[in-house]
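# Tertiary structure, described
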Amino acid sequence: MFETKMPNGFLWGGAVAAHQLEGAWNVDGKGPSVADVMTVGSTEKDREFTGKVLPGENYPNHEGIDFYHHYKEDIKLFAEMGFKCFRTSIAWTRIFPNGDEEEPNEAGLKFYDDLFDECHKYGIEPVITLHHFEIPLHLVNKYGGWENRKLIDFFTRFAKVCFKRYKSKVKYWMTFNEIDNQASFNNPFLMCTNSGIVFKEGQNREAAMYQAAHYELVASALAVKIGHEINPDFKIGCMINYASIYPATCKPSDCLLAQRVADRRYWFSDVHVNGEYPEELEMYLKRKGYRQDITEEDRQVLREGTVDYIGFSYYASMTVASDKVDADSLTDLDEAKVHNEYLPTTAWHWEIDPEGLRYGLNWLTDRYHKPLFIVENGMGAYDKVEADGSIHDEYRIDYLRKHISEMEKAVALDGVNLMGYTPWGCIDLVSAGTGQMDKRYGFIYVDKNDKGEGTLARSRKDSFFWYQKVIKSNGAEL
Ligand code: BG6
């Protein structure tokens, strides 16, 4: 019916983030980040931000999967699968342990030099996020995180150091991971990981979010400008957590609500791409008196620092109903959510919707007319290790197969301009949301459990060999 192969040069690969796998949290001069003071959680229990390292607590990111010492072995396995690219982040706290120093930490810079060299040895292109839920703890405790304008300077200094140092080793960059997560501003975990904000009693959370996000967007735009000056060949993208948003019924009030939810979630990428705030949001902010601190210079920076592409994660879609909240009363998007009865869910209650990915690729193309990059997609699942050590993860293959198939339709039939596909957690790692190891996404199994026990030995799951075949055939064999 259509050509299932992806275009030549398509970036097949996998994605991770520094704090979820590197470990070595206090090695070679690294400072603590917010992720280093997050306890382990579970499906029933949230992770807790303890503000400092407390004795007797289990902090799963301290060791991760010790990628810091295993990266050569792991990159070799990625190469065996045929990866063309590898998405990870640079831990800000390896380069600036506290975040506000004048000079970077050479040992931290050297680690990423070695890591990128190792990737290039196998022809694997690094794809790098600068800010992925790992803000230096010191910036939270001393400055209040992104609520403080000073963070723009600290972040751009960090970005500049990275751009200069890796200008011939890294071409693809992203500034802020899933910047739109904080549209759920009542969620303390998301506000802490996104913006380093720990709410005070009685604080207006929504107001804090809009101000912090503004500083982040200015910092991102400045980084884009600086990056392009350092190397005009850089491709610098934004990164959003994309969910296709459906009205619960065809009732006009549901449709209007779905539109409003999308506007309140994707205004972040509107600013990244268009260099200005969308009209409806400007009206809303004015009405509420939020985002008081915005200057003419900020607006100029936003216009000048627009992104080259849109990186996004896709895990699930979102369905909203106006009998819960109507479009005009909407503040917190989570209040509008309902379960979509047509969709199955994962063990962690995430709705599985492969067609939503095709819908999203089209929706983002229509809204932005920019190249797209799927930089996360996947399903967290419990894996069972058989007596002979094999792992038959047919459910993971099924999930990915269906999503890749919809992605291929979007490219071959709908004309979407897609740069690449990097499924999340290509090697098992610490879950961001729950801190668990047993919520696994990988093609590569890592022997470690939620209690932190295990040998850290790596082994290939069935999905490893399946994905190897997908890449080899450039998407033709699913
Ligand atoms: C995205 C993040 O939200 O989803 C990743 O960018 C995260 O850091 C991934 O790990 C999956 O979420 P979780 O909670 O299952 O780890």
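Reading the values: the criteria
Residues numbered from 1 in each chain as written. Predicted model: local features only at pLDDT ≥ 70, side-chain atom pairs only at ≥ 80, totals over all residues. Helix = DSSP H or I, 4+ residues; strand = E, 2+ residues; numbered from the N terminus. Rg over C-alpha atoms; globule rule 2.2 N^0.38 Å. Buried ≥ 20, exposed ≤ 12 C-beta atoms within 10 Å, placed from the backbone. Contact = placed C-beta atoms within 7 Å. UniProt positions renumbered as here; feature names shortened; annotations may be inferred. Axes fitted to C-alpha atoms, helices over the stretch in contact; angles between N-to-C directions. Parallel < 35°, antiparallel > 145°, perpendicular 65-115°, else oblique. Left-handed = near helix turned anticlockwise from the far one by under 90°. Nonpolar A, V, L, I, M, F, W, Y, C, P; charged D, E, K, R; others polar. Pairing = 2+ DSSP bridges. Near = placed C-beta within 6 Å. Core = buried A, V, L, I, M, F, W, Y, C linked by C-beta atoms within 7 Å. Expected span 1.5 Å × (residues − 1). Right-handed = clockwise from strand over helix to strand, strands pointing away. pLDDT = per-residue confidence, 0-100.

## Side note on the overall build of the chain
- When its secondary structure is counted, the chain shows 14 helices and 13 strands.
- For the chain, whose C-alpha radius of gyration is 21 Å, the value lies close to the compact-globule estimate of 23 Å for 478 residues.
- Seen through its C-alpha atoms, the chain measures out along the principal axes to roughly 65 × 55 × 45 Å.
- Across the 478 residues that make up the chain, the buried fraction comes to 50%.
- Nonlocal contacts in the chain, meaning residues at least 24 apart in sequence, comprise 76% of its contacts between residues at least 6 apart.

## Some remarks on the UniProt feature "active site" (unreviewed entry) in the chain
- Following the UniProt record, one finds the feature "active site" (unreviewed entry) at E376.
- In this fold, E376 is placed in strand 10 (residues 372-377).
- Among all residues touching E376, those that are not within four sequence positions of it are A15, S313, T422 and W424.

## Describing the packing of helix 12 (residues 354-368) against helix 13 (residues 394-412)
- Their axes nearest at 8 Å, the elements helix 12 and helix 13 cross at an angle of 30°. The angle between the axes of helix 12 and helix 13 places the two elements in the roughly parallel class. Between helix 12 and helix 13 lies a crossing of right-handed hand. Facing helix 12, whose interface residues are P354, E355, L357, R358, L361 and N362, helix 13 presents K402, H403, E406, M407, K409 and A410.
- Along the lines of polarity and charge, the residues of the contact of helix 12 with helix 13 split into five nonpolar, two polar and five charged.

## So, the sheet that holds strand 8 (residues 318-320)
- Pairing within the open sheet is mixed, and its three strands lie in the order 6-8-9. The open sheet has two edge strands with one neighbour each: strand 6 (245-247) and strand 9 (337-338).
- The sheet contacts of helix 9 (residues 252-274) involve strand 6 and strand 8, and relative to strand 6 the element is tilted by about 165°.

## Considering the site of the ligand
- Lining the immediate surroundings of the ligand are 15 residues, of which A17, G380, S431, A432 and G433 lie closest.
- Looking at the shell around the ligand residue by residue, the classes come out as four nonpolar, eight polar and three charged.

## A closer look at the nonpolar core
- Judged by nonpolar contacts, the single largest core of 141 residues is most densely connected at V218, I240, I310, F312, L372 and M407.
- Counting residues per element, this core draws most heavily on helix 8 (residues 205-230), which supplies 13 residues.
- Ignoring sequence-local partners within four residues, the contact set of F312 consists of M239, I240, Y242, L372, I374 and V375.

## As for the packing of helix 8 against helix 11 (residues 296-304)
- At a minimum axis distance of 8 Å, the contact between helix 8 and helix 11 shows a crossing angle of 50°. Between helix 8 and helix 11, the crossing angle belongs to the class labelled oblique. Here the hand of the crossing between helix 8 and helix 11 comes out left-handed. Between helix 8, through L217, V218, A221, L222 and K225, and helix 11, the contact on the second element is made entirely by D298, V301, L302 and E304.

## Some points on the pairing of strand 1 (residues 11-15)
- Counting buried positions along strand 1 yields five of five residues, so the element is predominantly enclosed.
- Covered by surrounding structure in strand 1 are L11, G13 and A15 together with W12 and G14, the residues of both alternating faces.
- When strand 1 meets strand 2 (residues 85-89), the two strands line up parallel, connected through three bridges. Following the sheet pairing, G14 is matched in strand 2 by F86.

## Considering helix 6 (residues 150-165)
- Over its 16 residues, helix 6 extends 23 Å from the first C-alpha to the last, a length consistent with the 22 Å expected when each residue adds 1.5 Å.
- Of the residues making up helix 6, those classed as buried are L151, I152, F154, F155, F158, A159, C162 and F163.
- On its buried side, helix 6 packs onto helix 3 (92-95), strand 3 (125-131), helix 5 (137-143) and helix 8.

## Focus: the pairing of strand 11 (residues 418-421)
- In the sheet, strand 1 pairs with strand 11 via two bridges, with the strands oriented parallel. What sits directly across from W12, in strand 11, is Y421.
- Here strand 10 pairs with strand 11 via two bridges, running parallel. Across the sheet, L372 pairs through a bridge with L418, a residue of strand 11.
- Traced from strand 10 through helix 13 to strand 11, the parallel crossover comes out right-handed.

## Some points on unusual backbone geometry
- With a phi angle near 55°, F133 is a residue other than glycine that sits in the positive phi range.
- Along the chain, F133 turns up in the loop between strand 3 and helix 5.
- One non-glycine residue with positive phi stands out, namely R291, at about 50°.
- Topologically, R291 is positioned in the loop between helix 10 (279-288) and helix 11.

## A closer look at the confidence of the model for the chain
- With 100% of its residues at a pLDDT of at least 70, the chain reaches an overall mean of 97.
- The complex prediction reports pTM at 0.98, with the ipTM value standing at 0.99.

## Structural notes on the environment of I374
- Summarising the element assignment, I374 is placed in strand 10.
- Residues in contact with I374, not counting those within four places in the same chain, are F312, Y314, M407 and Y421.

## A look at helix 7 (residues 188-195)
- Of all the eight residues making up helix 7, six are buried; the element is thus mostly covered by neighbouring parts of the structure.
- Restricting attention to buried positions, one finds in helix 7 the residues L190, M191, C192, T193, N194 and S195.
- Following helix 7 by one or two positions, G196 adopts a phi angle in the positive range, close to 65°.

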